[in-house]
Amino acid sequence: MGHGFRNWVRLICCVSLMSGAFIGSQAVTLEREGSTLFATGPVEDDFGKFKNALEVPGLEQIVFVNSPGGDLWSGMRVGRIIADSGVKTVTAGYCVSACSIMFMGGRERTFSDAFRANVTYVGIHGPSSKTTRAVTSEHAPQIYAFFKMTMGERFNAALMNKAFFEMDDAGSLLRVFDMARTPKRVTYHCRSQQTPRNECTEFPEADALSIGLITGTALTKVTLPASMQSSPKILGATLDTPIAYRAAFLTAIAAKSCVSDGCKTLVQNYANLKEHSAIVTAVDAPGVGTTADKDSPNQAALAALFACNHIKDRPVRLCTVVGVNGFDIQPTVAAARASHESALAMLAVPAEKFYGNEQFGGGFSSATGLRTERYSDATPSKAEGIQVIGTQDLVNAMKSTQAPVLIDVSGLDDVIPGSSALLFAGVAYADTAKDAALEQRIVSLLKLLAPDPQRPIVFIGSNRDDWRGLNAAFRARKAGYAQVAWYRGGMAAWKSAALPQARLIVNAVAN
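Residues numbered from 1 in each chain as written. Predicted model: local features only at pLDDT ≥ 70, side-chain atom pairs only at ≥ 80, totals over all residues. Heavy atoms only, no water.

1. What about the side chain of Ser-277?
Relative to the helices and strands, Ser-277 resides in the loop between helix H8 (261-269) and strand E15 (278-282). A residue is classified by how much of its surface remains accessible, and Ser-277, at 4% relative accessible area, is buried. A distance of 3.4 Å separates polar atoms of two side chains, one belonging to Ser-277 and the other to Tyr-270. Once residues within four sequence positions are removed from consideration, Ser-277 is found in contact with Tyr-270, Thr-291, Ala-292, Ala-300, Gly-323, Val-324 and Asn-325. (Helix = DSSP H or I, 4+ residues; strand = E, 2+ residues; numbered from the N terminus. Buried < 20%, exposed > 50% of the residue type's maximum accessible area, 1.4 Å probe, protein only. Polar contact = N/O pair within 3.5 Å; in protein donor to acceptor, adjacent residues only side chain to side chain. Contact = heavy atoms within 4.5 Å.)

If you want it as structure tokens, here you go:
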């Protein structure tokens, strides 16, 4: 390794290649099985781990399993020693940011069949600061050069320029998919983590093989180590109650929730649906919803909930998940409800008025309407017609005789006890007609969750930089709710105050 490269990696020791939020103290996990080395998790100061693993004789391939990237210095150094070793590299699931550099070190590079095609891809972008997450494009040329060297004559300069230099934030990403299983899934580039998918730039002619990302289209068949086979989860809870007698399970659902033969047929056909599938039932009313062939259990559950919530030419209704794949979800939902009861019983008023700096920040003095893009951004300290409430005041209100209705729009697995989730209620569109249709769905569901417009209602997002809670509050005020509040600090402030949390329960999906 030349002196120039050593000097450069010293310079970038504080630079990161991480898609999305930075993961601090975690590190990559390596596991050797036969001639294959499996690597999963975020990349930190892991060069020594890889170096030692590569020195063990008999290694033929490295399989990267769902890695979000991380430390650029480690990624570049590991990529170099992989290239020097001559081993193959394989991606199982996603391989993003610093992981993509390591993947490119492989003499032969392929996708695997370990995960569904839609979640199997390589994500490429330039570096950003570990501490501020600001884009540091001055370090991008060295990564660009490594990709150019490893991609060879298929190197697509225009495409790589977009990936490494056209970045609005650290979440910018060029996604290149498994073309063998998803030939219609085109390569696309989003300048920002918050760029809507339909505004990203597509490259239909630039597939993984044609740009030199992979060296062959044949999938590498791998069996993941047991430690890397993730347990199926739904809304943050592990699926741990298999349906013992599926026919009896479905017959019971049909008997309880169906009044028409069409509904009963829909329920019985659920047994034949492709994974990932879900079945939901209406709350306190007849009706079901099903979906299948989704990319994850969560996606299946949310899609089925939406289908059940919104039936054409019928009033909206609340629904609950009862089955996902071959698992009974009813015990999971019951446990989540119990977590709300126990957390509320432990709730005490915190000593301080604010937590997690919830009262600070924000580039606006006040807001008057919906934010239709960049929901993760500085929020105002005031909002027209809406009370901005802090942590201590919220807990006092919850413990009062006129406790408010709590509506969570964060979608996080852990929520404030007593809250009801209304997912995607914080979304807003610039397109007037599209937004009007969304608002109708949001308000219709909100009226089921909070039927009394005179009762206080509080909207909760993920943190003080989350506009979704404020957007939902504006919708409620417009819909005629008289006492609308927004918990600006969101779940981040609640957790900072060490207050009890409960498990997410979803009965309403707006979009």
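2. Re the pairing of strand E3 (residues 36-40)
The element E3 is extensively covered by neighbouring structure, given that five of its five residues are classed as buried. Alternating residues of E3 divide into Thr-36, Phe-38 and Thr-40 and Leu-37 and Ala-39, and every residue in both groups is buried. Here strand E2 (residues 29-33) hands over to E3 after two residues, with Gly-34 in that stretch at a positive phi of 60°. Across five bridges, E3 lies against strand E4 (residues 61-67) in parallel orientation. From the neighbouring strand, Thr-40 faces E4, where its bridge partner is Val-65. Assessed by its sense of winding, the connection that carries the chain from E3 through helix H2 (residues 47-54) to E4 is right-handed. (Pairing = 2+ DSSP bridges. Right-handed = clockwise from strand over helix to strand, strands pointing away.)

3. Focus: helix H10 (residues 330-346)
With 17 residues, H10 extends 25 Å between its outermost C-alpha atoms, agreeing within 8% with the 24 Å of an ideal straight helix rising 1.5 Å per residue. For H10, the full list of buried residues reads Thr-332, Val-333, Ala-336, Ser-339, His-340 and Ala-343. Each buried residue of H10 lies within a common arc of 110° when the element is viewed along its axis, so the set occupies one face. Looking at H10, the residues exposed on the side facing more than 90 degrees away from the buried face are Glu-341 and Ala-345. Packing partners of the buried residues in H10 comprise strand E14 (237-238), strand E17 (319-324), strand E21 (414-415), strand E22 (419-423) and strand E25 (502-503). (Expected span 1.5 Å × (residues − 1). Arc of directions from axis to C-beta.)

4. Notes on unusual backbone geometry
With an omega of 0°, the peptide bond running from Glu-275 to His-276 counts as cis. Looking at the element boundaries, His-276 is found in the loop between H8 and E15. Located in the positive-phi region is Asp-313, a residue other than glycine, with phi close to 65°. The topology assignment puts Asp-313 in the loop between helix H9 (297-309) and E17. A relative accessible area of 75% means that Asp-313 is categorised as exposed. Although it is not a glycine, Phe-424 sits at a positive phi angle of roughly 70°.

5. Describing the state of the cysteines
Here the structure, examined in full by the defined rule, presents four disulfides. Note that Cys-95 is cross-linked by a disulfide to Cys-99, the S-S spacing being 2.0 Å. Disulfide Cys-95-Cys-99: torsion about the S-S bond near -105°, hence left-handed. Here Cys-258 is linked by a disulfide to Cys-263, with a sulfur-sulfur distance of 2.0 Å. Taking the sign of the S-S torsion, -65° for the link of Cys-258 and Cys-263, the bridge is left-handed. For Cys-258, a relative accessible area of 8% corresponds to the buried category. Classification of Cys-263 as buried rests on a relative accessible area of 12%. (Disulfide = S-S within 2.5 Å.)

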